[in-house]
Amino acid sequence: MGWLFILTAAIFEVIGAIGLKLYSQQKNLFRLMLYWGGFFVSFSLFYFSLKYLDLSIVYPVWVGLGTSGAVLANMFIFKEPKNFSRIFGLTVIVVGIVGLHLTM
């Protein structure tokens, strides 16, 4: 159950980051709600995941998946460059997350 919470929290962190980017470009209520709502749900699910998993696992997974998702969203939604360095960095993050999961 904790893994479901943290994976969902990471998805909502990405939604919050996308909302923040959109809100910085044009301020309206929908974008503000996407930004605040995404981060609120993300933090809430992060909190609930701590009942099932250790903080030393939850926090790096949440941050790593959220960072990876935000980078991918920026590459595909906001048309940031897709280059080897970015893809390699994302791969290192994902390998680190899998490594943490295997240590449990």
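Here we summarise the structure given alongside this text. (Residues numbered from 1 in each chain as written. Predicted model: local features only at pLDDT ≥ 70, side-chain atom pairs only at ≥ 80, totals over all residues. Heavy atoms only, no water.)

Focus: a nonpolar patch on the surface
As a reminder, the rule being used: Residues enter patches when they are more than 30% accessible in relative terms and free of salt bridges; like-charged ones are connected within 9 Å and nonpolar ones (Val, Leu, Ile, Met, Phe, Trp, Tyr) within 5 Å. Residue exposure ignores everything except the shown protein chains as possible cover, and the areas themselves are Shrake-Rupley values with a 1.4 Å probe. We count a salt bridge whenever a side-chain nitrogen from Lys or Arg sits within 4 Å of a carboxyl oxygen from Asp or Glu. Helix numbering and strand numbering both begin at the N terminus, where a helix is a DSSP run of H or I of at least 4 residues and a strand a DSSP run of E of at least 2.
A cluster of nonpolar side chains, namely Met1, Leu4 and Tyr52, defines an oily patch on the protein surface of about 360 Å² accessible area. Relative to the helices and strands, Met1 resides in the segment before α1 (2–25).

Notes on the side chain of Ser68
Threshold: Whether two residues are in contact is decided by their heavy atoms: any pair within 4.5 Å suffices.
Residue placement: Ser68 occurs in helix α3 (residues 55–76). Residues contacting Ser68, with those up to four places away along its chain left out, are Leu90, Ile93 and Val94.

Examining the pattern of salt bridges
Stated precisely, the cut-off is as follows: Here the term buried applies to any residue with accessible area under 20% of the maximum for its type, exposed to any over 50%, and partly exposed to those in between, with areas from a 1.4 Å probe on protein chains only.
Evaluation of the coordinates by the stated rule reveals one salt bridge. Between Arg86 and Glu80 there is a salt bridge, with its nearest N and O atoms 2.9 Å apart. With a relative accessible area of 26%, Glu80 lands in the partly exposed category.

Observations concerning the nonpolar core
Note the threshold: Nonpolar core, defined: a set of buried Ala, Val, Leu, Ile, Met, Phe, Trp, Tyr and Cys residues in which side-chain atoms within 4.5 Å join the residues together.
One finds Phe5, Ile6, Ala9, Leu45, Phe46, Leu53, Ile57, Val58, Val61, Trp62 and Ile97 forming the largest nonpolar core, which totals 11 residues. For this core, the secondary structure elements donating two or more residues are α1, α2 (29–49) and α3. Take this core: its biggest share by element is four residues, from α3. Excluding anything up to four places from it in sequence, Ile97 contacts Pro60, Val61, Gly64 and Leu65. Residues Val14, Ile18, Leu22 and Phe78 belong to the second largest nonpolar core, which totals five residues.

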